[in-house]
Each structure stands twice: as C-alpha cells, then as structure tokens.
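# Descriptive analysis of the structure
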Amino acid sequence: MLNGKKVLFSGMQATGNLTLGNYLGALKNWVNLCEEYECFYSVVDLHSITVRQDPTILRQRARKLLMIYIAAGIDPEKNCLYYQSHVSGHAELAWILNCFTYMGELNRMTQFKDKAAKHADNINAGLFTYPVLMAADILLYQADVVPVGIDQMQHLELTRDIAQRFNGVYGDVFTVPEAYIGKVGAKIMSLQDPAKKMSKSDENPHASIYLMDDPDTIMRKCKRAVTDSEGQILYREEQPGIRNLIDIYSACTGKRPEEVVKEFDGKGYGDFKTAVGEAVVSVLKPLQARYEELNKDKTYIDGIIKANAEKASYTATKTLRKVQRKVGFPDRVR
Ligand code: TYM
C-alpha cells in the first residue's frame, strides 16, 4: 500500500515503434487506473539495451514513449511516469534477485528463446537475465497489480516465484504481484500471419499497425489483413484472421465480440475491414494530435521527467534499503 492505495506497476520498451498491440493490450488499460491504484509506469530503457541500440535513436524513442504515455491519457500529475535508467535501484535490486533465480528457470523463458534465435550473434547475459530485471522493476515498488498483455505472463509468474522464494528466506519483504489482463485486446495478432503476435520487430511493415501511422496507412493495412475464404464474420478459432480483426474492433469500440458478430451478420469482409480501419483511426487520431502538442512543450515534459524520477526513486529506495538489510549488507553510516 502506498498513500492508502494499492500499487500498480507496468512498463514498455522504447525499442522500435509502438504497435496497436502495445496500445490495446497494455497502454489503453492503464488510463484511469490511478483512481484506484498508486500507479508507476516506466519507460524501461535498461531492458532495451539487451538488443543492440543506436544511442541517439534510443534516447529519442524513450522520450517519445514517455510522451505517448501522456498522449494516451495517462495524467503525469496523478501517475508516476519515468525512465527506468533514472532510478538506480532497478539495477541494484536486479543484482540481488539474480542470486535468487535459477538458470533452469531462465532457460525456460520463451521470450529468451525467441530473442536468442532472432539475435543469434548477440546472445548476451542481459538477454538471459532480462526477466530478473523485470521482477526487480515490479518488486521495487511493492506492486500489487501489473497490467500487461498475455505475452508477459510467463515473466510475471517468475516474478511471483522469486518474490515468494525471497519472502520464504527473509520474511514478508515483497508484495507478491498479480497480473491484470484486459478482457479484450490482450493478444493482438499480426495482420499478415494471425498465428503470430503483432510485434514492433516484425520485418513485414504490413503486419503491424503503428501508433503513429496515418489514416491512409491504417486503412490500407486493415484492408490487406490476411483472412480466410469462409466468407462469414464469426468469432472462432478456425478463423484466426477474422477473430483478430474482431478483437481489434471490439477493443477500439468497447463493443463485445458477440455484438460485433451481430453487427456484421451478412456483411462482407471488405465492409468489415473498412469498419475496423475506421475504428482504429478514430482511436489513434486524437492520440497522435495530443502527442504533437506535447512535443512542442519541452519545458513541461522536462519538468515531468525530473519530478517523477524523484518520486519513483523515493519509493524504490525504501524497498532497496529494506532488502539490503535483510540480505546482510552493512548499514550506512550517517
Ligand atoms: P513490451 O515493450 O514488449 O510491450 C509492452 C506491453 O505491450 C503488451 N503487448 C501486447 N499486448 C497485446 N497484443 C500484442 N500483440 C502485444 N505486444 C505487446 C505487452 O504484454 C506489454 O504489456 N518486458 C516488458 C516490459 C517490462 C515490464 C516490466 C512490463 C519491463 N519491466 C515490468 C510490466 C512490468 C516488455 O518487453 O514489454
């Protein structure tokens, strides 16, 4: 608990361009949670360097991501939006937790296996221990809930295991967090291959809708989306392409998948794809406009970066000091 509220933590990588999957699976659900929770949303730049980055581009993207958080409707006065690299406690706690995590556990992480296959020339130790850093992010703030898409569930399970293991040795140090998965949109699939998740790193530009895509591009991508030859708009596993478009439409409009099926009963795929495109445009257009506004106000954004880094550090340091005492590091001499 913090300030009488439960704590919520989540983060996103500033790597690549954000996709509609990131938005519908995570960001969209973050808005308004601050009424119920004390919320921390980090731009997780320490995670980003597990894959080689151009420093200038990483810095630009990190700032852009922070502004996208705000543009999506997350109030930076009521939520703590900050860069992970500005709070040294993340790396410090990650080291300690590394000593409470088994190689066998990390070897089982599917994201590690996927990324190692993709970046065979750079399978660095950071890529392997990435989930431990993620556990440190969450546990540092004593988070009760972590809103993420389904692809992060395995990492969250590991976080819970690490927290319980640590608590088992030292008493109740960490809050054991729960995942918070949105009802729709928790797994948005590629528009070109509905068996794969929509991903920032997909090489096929038609596979993903990016948050900054213009309306024409969005419409084109939706119209080109791979479907099937069934000719009926039904929400079922046998039609993964259509099912994915229903998920997207549903997440953008707030209608339930059953309602969407009814709405498009007897209609063709062409009409449906146009409606999906329009629904996406209507969600992304205001976000893009707000982003452009924010981008003009450097002083305002800088102020937020500074204030929130201090706020995050304060909470993080409290947990870190407690953990350091528990494991037996000497007290600081004042
Ligand atoms: P990242 O940056 O890959 O993704 C950010 C968020 O977007 C969700 N997401 C999706 N949701 C639905 N459909 C998709 N196709 C899709 N693609 C991505 C992800 O589930 C995530 O919620 N390791 C994390 C970042 C992280 C983090 C944390 C998250 C670091 N520390 C602590 C929560 C708590 C990651 O790489 O997410």
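Residues numbered from 1 in each chain as written. Predicted model: local features only at pLDDT ≥ 70, side-chain atom pairs only at ≥ 80, totals over all residues. Heavy atoms only, no water.

### Some remarks on helix α9 (residues 215-223)
Which entries qualify depends on this criterion: For each residue, the accessible area found with a 1.4 Å probe, counting protein chains only, is set against the maximum for its type, and the residue is called buried under 20%, exposed over 50%, and partly exposed in between. Numbering goes from the N terminus for both helices and strands, where a helix is a DSSP run of H or I of at least four residues and a strand is a run of E of at least two. In what follows, a contact means two residues having at least one pair of non-hydrogen atoms within 4.5 Å.
Buried within α9 we find Thr217, Ile218, Met219, Lys221 and Cys222. Summarising the contacts, the buried residues of α9 are in contact with α12 (269-295).

### Observations regarding the environment of arginine 224
Mapped onto the fold, arginine 224 is located in the loop between α9 and α10 (240-253). Each C-alpha atom, one on arginine 224 and one on glycine 270, is 9.7 Å from the other, the two residues being 46 residues apart in sequence. The residues touching arginine 224, leaving out its near neighbours within four places in the chain, are Gln192, His206 and Lys273.

### Side note on the site of the ligand
Defined as follows: By convention in this text, a residue qualifies as near a molecule or strand provided that one of its non-hydrogen atoms is within 4 Å of it. In protein, a polar contact requires one atom able to donate a hydrogen and another able to accept it; more generally it is a pair of N or O atoms within 3.5 Å, and residues adjacent in sequence count only if both atoms are side-chain atoms. Using a 1.4 Å probe, accessible areas were evaluated by the Shrake-Rupley method; residue-level cover was limited to the displayed protein chains.
The full set close to the ligand counts 26 residues, and Tyr130, Asp137, Gly149, Asp151 and Ile188 are the nearest of them. One of the backbone nitrogen or oxygen atoms of glycine 21 is found 3.2 Å away from a nitrogen atom of the ligand. Between lysine 200 and the ligand, the recorded distance is 3.0 Å, taken from a side-chain N or O atom to an oxygen atom. For the ligand, whose free accessible area comes to 710 Å², the fraction covered by protein is 97%. Where the shell around the ligand is concerned, the elements lending two or more residues are β1 (6-12), α1 (20-30) and α7 (125-140).

### Thoughts on the side chain of aspartate 213
Within the secondary structure layout, aspartate 213 lies in the loop between β5 (178-180) and α9. At a separation of 2.9 Å, a polar atom in the side chain of aspartate 213 contacts the main-chain amide nitrogen of tyrosine 210.

### Quick notes on the packing of aromatic side chains
Which entries qualify depends on this criterion: Two aromatic rings, drawn from Phe, Tyr or Trp (for Trp, its six-membered ring), form a pair once their centres lie within 6.5 Å of each other, and the interplanar angle then sorts them: stacked below 30 degrees, edge-to-face above 60, tilted otherwise.
On inspection of all chains with the given rule, the structure shows 13 aromatic pairs. Judged by centre distance (4.6 Å) and plane angle (40°), the ring pair of phenylalanine 166 and tyrosine 170 falls under tilted. Of the two residues, phenylalanine 166 and tyrosine 170 are both situated in helix α8 (residues 153-170); the distance of four residues between them amounts to about one turn of the helix. Looking at phenylalanine 166, the relative accessible area reads 0%, which means it is buried. For tyrosine 170, a relative accessible area of 23% corresponds to the partly exposed category. Taken together, a centroid distance of 6.1 Å and an interplanar angle of 65° make the contact between tyrosine 249 and phenylalanine 272 edge-to-face. Taken as a pair, tyrosine 249 in helix α10 and phenylalanine 272 in helix α12 lie far apart in primary sequence, 23 residues in all. For the pair formed by tyrosine 249 and phenylalanine 272, the shared burial category is buried.

### A few points about the pairing of strand β3 (residues 80-83)
Side-chain positions along a regular strand alternate between the two faces of the sheet. Our working rule: A pair of strands is treated as paired once DSSP finds two or more bridges between them.
Covered by surrounding structure in β3 are Cys80 and Tyr82 together with Leu81 and Tyr83, the residues of both alternating faces. Bridge count between strand β2 (residues 37-43) and β3: four bridges; the pairing is parallel. The residue bridging valine 43 from the neighbouring strand is tyrosine 83, located in β3.

### Structural notes on the packing of helix α4 (residues 89-98) against helix α13 (residues 298-327)
Filter applied, for reference: Think of each axis as a best-fit line through the C-alpha atoms, taken over the contacting stretch in the case of a helix, with angles from 0 to 180 degrees between the N-to-C directions. Reported orientations rely on four angle classes, namely roughly parallel under 35 degrees, roughly antiparallel over 145, roughly perpendicular from 65 to 115, and oblique for the rest. Crossing handedness: left-handed means the near helix sits turned counterclockwise from the far one by under a right angle, and right-handed means the same turn made clockwise.
Contact geometry for α4 and α13: axes closest at 11 Å, N-to-C directions at 25°. As far as their axial angle goes, α13 and α4 are roughly parallel. Crossing of α4 against α13: the hand is left-handed. Packed against α4, whose contacting residues are Gly89, Glu92, Leu93 and Ile96, the element α13 presents Leu320, Val323, Gln324 and Val327 at the interface.

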